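Coordinate inspection notes
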Amino acid sequence: MKTTYLISCLAILFAFSSCSIDEDEPQFDLNESLVAYYPLDGNTNDLSPYRINAQQNGVRGTFDRLGNANFAYRFDGMDDHLRIPANEHLNFTDEFTINLWLKTDVTHLQQVLYKNVSDAKTEKAAYGISIGYSPLEDEEVVTNDIIFTIAPYGIMHELRKFNYEKDTWYMVTCTLKGDTMYLYINGKPALMKYIKGEISTSTLPLLIGNDGSGKNPFSGSIDDIRIYSKAKSTEFVSYLFEQ
């Protein structure tokens, strides 16, 4: 009788412990501080509370990272791009998070996301994401880089993650928190850098798939663009990668 009672108590204790473990798992609100969200699921609508829909030029539907048809957009590497009308929600000074999925089929310099600095004569991104390469030593060897750039006071700062593979999906997350910029790849921290100065964006549109000059078109696929007005935590980025 005592043995049966003890086993029952242990079973109840284990059940409560299991519940507690589940409740302690991190849960995040994916919509908190969300200022732009483009799932690119057959259209370029913004599903954030602000509903600033993107204008498309030449892009076409393609397969996303899960193999779903027309749930991502393909860029031809010539003149395809998305144009997000200028709005105050995308003008950041010292804090933001940008998250997107990309897959490219080339290794030359190309722009994924680009927001102009306030000086129209300066061809720099107030903030941006690009794909490029870095010559090493005698320039016979190069690395394929995923690049996050910020230009406070017009001074360019960048983080480069070396050696991405073509035809492979990557989740790229770029965060600015005060004087620190962070780059995450596939939900994991990759690089960080301390910078000085606030960024100053312009009233020009946010471009996806090219820069302001039109000379660095993106070739590949882009999906699930999320932009937040706050710097998200490492735990949040990891959680987002699992969604």
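Note that the structure is predicted; figures quoted are calculated from it, not measured.

1. Section: the overall build of the protein
A tally of helices and strands in the protein yields two helices and 15 strands. With 243 residues in all, the protein has 44% of them scored as buried. Taking as baseline every contact in the protein between residues at least 6 positions apart, the subset at least 24 positions apart corresponds to 65%.

2. Points about the pairing of strand E6 (residues 95-104)
Counting buried positions over the 10 residues of E6 gives nine, a clear majority of the element. Of the strand pairs in this sheet, E6 and strand E11 (residues 170-177) are connected by eight bridges, and their pairing is antiparallel. Looking at E11, one finds that Ile98 is bridged to Cys174. Here E6 runs beside strand E15 (residues 219-228); their pairing, made up of seven bridges, is antiparallel. Paired with Ile98 across the two strands is Ile227, which belongs to E15.

3. A short note on the nonpolar core
As a rule of thumb, nonpolar side chains are buried together in soluble globular proteins. Within the largest apolar cluster, 44 residues are counted, with the highest numbers of intra-cluster contacts made by Leu90, Phe96, Tyr127, Val172, Ile208 and Ile227. The contact partners of Leu90, leaving out residues within four places of it in the chain, are Val35, Ala36, Ile84, Lys115, Tyr127, Thr201, Leu206 and Ile227.

4. Some points on unusual backbone geometry
Phi at Arg51 is positive, roughly 55°, even though this residue is not glycine. Of note, the phi angle at Asn186 is positive, near 55°, even though the residue is not glycine. Tracing the chain through its elements places Asn186 in the loop between strand E12 (180-185) and strand E13 (188-194). Residue classification places Asn186 among the partly exposed residues on the basis of a relative accessible area of 24%.

5. Looking at the pattern of salt bridges
Going through the model one piece at a time under the given rule, you end up with seven salt bridges. Arg65 is the partner of Asp224 in a salt bridge, and the nearest nitrogen-oxygen pair spans 3.0 Å. Separated by 159 residues along the polypeptide, Asp224 in strand E15 and Arg65 in the loop between strand E3 (60-62) and strand E4 (72-76) bring together distant segments of the chain. Exposure remark for Asp224: the relative accessible area of 14% places this residue in the buried category. In this structure, the salt-bridge partner of Glu95 is Lys177, at a minimum N-O distance of 3.3 Å.

6. A short note on the layout of surface pockets
The calculated volume of the largest pocket comes to roughly 280 Å³. In terms of lining, the largest pocket is formed by 15 residues, of which the most central are Leu109, Gln111, Tyr114, Ser130 and Met156. At the level of secondary structure, the elements contributing two or more residues to the lining of the largest pocket comprise strand E7 (110-116), strand E8 (125-136), strand E9 (141-150) and strand E10 (157-162). Broken down by class, the residue content of the lining of the largest pocket amounts to five nonpolar, five polar and five charged.

7. Thoughts on the packing of aromatic side chains
Across all of its chains, the model carries 10 aromatic pairs by this definition. In textbook terms, an aromatic cluster arises when at least three aromatic residues are bridged by ring pairs, as seen for Phe28, Tyr228, Phe236 and Tyr239. When the ring centre of Tyr37 is taken as reference, the NZ or CZ atom of Arg226 above it lies at 4.1 Å.

8. Thoughts on the pairing of E12
By the criterion of burial, E12 is predominantly enclosed, with five of the six residues buried. Relative to E12, E11 runs antiparallel, the two sharing six bridges. Among the inter-strand pairings, Lys177 is bridged to a residue of E12, identified as Thr180. Where E11 hands over to E12, the hairpin turn is made up of two residues, of which Gly178 adopts a positive phi near 65°. Here six bridges tie E12 to E13, and the two strands are oriented antiparallel to one another. Each bridged residue has a counterpart across the sheet, and for Tyr184 the counterpart in E13 is Pro189. Between E12 and E13, which follow one another and run antiparallel, lie two residues, and Asn186 among them has a positive phi close to 55°.

9. Focus on helix H2 (residues 234-241)
For H2, the set of buried residues is Phe236, Val237 and Leu240. Along H2, the residues classed as buried sweep out an arc of 100° about the axis, all on the same side. Where H2 is buried, its residues contact E6, E11, E12 and E15.

10. Topic: the side chain of Asp145
Inspection of the secondary structure assignment puts Asp145 in strand E9. Of the residues examined, Asp145 reaches a relative accessible area of 0% and is grouped as buried. A distance of 2.6 Å separates the side chain of Asp145 from the side chain of Arg160, its partner in a polar contact.

Cut-offs applied
- Residues numbered from 1 in each chain as written.
- Predicted model: local features only at pLDDT ≥ 70, side-chain atom pairs only at ≥ 80, totals over all residues.
- Heavy atoms only, no water.
- Helix = DSSP H or I, 4+ residues; strand = E, 2+ residues; numbered from the N terminus.
- Buried < 20%, exposed > 50% of the residue type's maximum accessible area, 1.4 Å probe, protein only.
- Contact = heavy atoms within 4.5 Å.
- Pairing = 2+ DSSP bridges.
- Core = buried A, V, L, I, M, F, W, Y, C linked by side-chain atoms within 4.5 Å.
- Salt bridge = Lys/Arg side-chain N within 4 Å of Asp/Glu carboxyl O.
- 1 Å grid on protein atoms, 1.4 Å probe; cavity = no way out; pocket = protein on both sides within 12 Å on 5 of 7 lines; lining within 4 Å.
- Points joined across faces, edges and corners; volume = space filled by probe spheres on them.
- Nonpolar A, V, L, I, M, F, W, Y, C, P; charged D, E, K, R; others polar.
- Phe/Tyr/Trp six-rings, centres within 6.5 Å; stacked < 30°, edge-to-face > 60°.
- Lys NZ or Arg CZ within 6 Å of the ring centre and 35° of its normal.
- Arc of directions from axis to C-beta.
- Polar contact = N/O pair within 3.5 Å; in protein donor to acceptor, adjacent residues only side chain to side chain.

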